[in-house]
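Descriptive analysis of the structure
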Amino acid sequence: MNLEKVVFGFFIVLALSLNYGFFIGDVDNPAHHHPYELYAAIIVNLIATVLKFGDRTQIGAVHLATSLVADLHLIAAAILYASVSDTPDEVIMINHVVSLSGGALLANIVSVVLLIAETISLRR
């Protein structure tokens, strides 16, 4: 078993699951979307991005692209969430934060699908 591939797969799937955990819930209820879960998703996505830099294949480039898209969405969501947190606008703006998180979730799903496709296509 290759430890590097285990760590790589772990962080990709963890990024997806943390992002999903933040995304799920009523889109307009700030109580369903904890900021620490968003920040954890950002940190894990950034770690996954760094792990994808070493791959020089075409699928590696697509992996990196999906990770960069997820990072961009999550960082934008965190900036927006931090600017409206504990203000009356939080209830209004939370749907935008969750929508940005949804874009990152879609990018993470693509990344996991690529990982599964790559794993299935490997020959022994």
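Residues numbered from 1 in each chain as written. Predicted model: local features only at pLDDT ≥ 70, side-chain atom pairs only at ≥ 80, totals over all residues. Heavy atoms only, no water.

Right, let's talk about the overall build of the protein chain for a bit. Along the protein chain, the regular secondary structure elements total four helices and zero strands. Referenced to the eigenvectors of the C-alpha coordinate spread, the extents of the protein chain come out at roughly 55 × 20 × 20 Å. Looking at the protein chain as a whole, 38% of its 124 residues are labelled buried. Pairs at least 24 residues apart make up 69% of the contacts formed inside the protein chain by residues separated by at least 6 positions. Element-wise, carbon and sulfur atoms account for 70% of the exposed surface of the protein chain, whose accessible area totals about 7400 Å². Of the side chains in the protein chain, 5 bear a positive and 10 a negative charge, and the two mean positions are spaced by 26 Å. (Helix = DSSP H or I, 4+ residues; strand = E, 2+ residues; numbered from the N terminus. Buried < 20%, exposed > 50% of the residue type's maximum accessible area, 1.4 Å probe, protein only. Contact = heavy atoms within 4.5 Å. Areas by Shrake-Rupley, 256 points an atom, 1.4 Å probe, with all protein chains shown as cover. Lys, Arg positive; Asp, Glu negative; His and termini not counted. Charge placed at Lys NZ, Arg CZ, Asp CG, Glu CD.)

The next point concerns the packing of helix 2 (residues 35–52) against helix 3 (residues 58–84). Direction vectors running N to C along helix 2 and helix 3 enclose 155 degrees, while the axes themselves pass 9 Å from each other. Judged by the angle between their axes, helix 2 and helix 3 are roughly antiparallel. For the element pair helix 2 and helix 3, the recorded crossing hand is left-handed. Split by residue class, the contact of helix 2 with helix 3 holds 16 nonpolar, five polar and two charged. (Axes fitted to C-alpha atoms, helices over the stretch in contact; angles between N-to-C directions. Parallel < 35°, antiparallel > 145°, perpendicular 65-115°, else oblique. Left-handed = near helix turned anticlockwise from the far one by under 90°. Nonpolar A, V, L, I, M, F, W, Y, C, P; charged D, E, K, R; others polar.)

This brings us to the environment of Val27. With respect to the element layout, Val27 can be found in the loop between helix 1 (3–23) and helix 2. When the C-alpha atoms of Val27 and Thr66 are compared, they prove to be 24 Å apart, with 39 residues separating the residues in sequence. The contact partners of Val27, leaving out residues within four places of it in the chain, are His33, Ile94, Asn95 and Val98.

Our focus in this paragraph is the packing of aromatic side chains. This structure, assessed with the given rule, holds two aromatic pairs. Seen from their ring centres, Phe22 and Tyr81 are 6.2 Å apart, and the 55 degrees between their planes marks the pair as tilted. With Phe22 in helix 1 and Tyr81 in helix 3, this pair connects stretches of sequence that are 59 residues apart. (Phe/Tyr/Trp six-rings, centres within 6.5 Å; stacked < 30°, edge-to-face > 60°.)

In this fold, Ser67 is placed in helix 3. The buried category is assigned to Ser67, whose relative accessible area is 1%. Only 2.4 Å separates the side chain of Ser67 from the side chain of Thr49, close enough to count as a polar contact. Excluding anything up to four places from it in sequence, Ser67 contacts Asn45, Ala48, Thr49 and Lys52. (Polar contact = N/O pair within 3.5 Å; in protein donor to acceptor, adjacent residues only side chain to side chain.)

Turning our eyes to something else, we now look at the environment of Gly103. With respect to the helices, strands and loops of the structure, Gly103 is situated in helix 4 (residues 89–121). On a C-alpha basis, the gap between Gly103 and Asn19 in space is 10.0 Å, while along the polypeptide they are 84 residues apart.

Right, let's talk about a nonpolar patch on the surface for a bit. On the surface, Met1, Leu3, Val6, Val7, Ile43, Ile47 and Leu51 cluster together into a nonpolar patch covering about 710 Å² of accessible area. Mapped by element, the contributors of at least two residues to the nonpolar patch are helix 1 and helix 2. By the secondary structure assignment, Ile43 is in helix 2. (Patch = residues over 30% accessible without salt bridge, like charges linked within 9 Å, V, L, I, M, F, W, Y side chains within 5 Å. Salt bridge = Lys/Arg side-chain N within 4 Å of Asp/Glu carboxyl O.)

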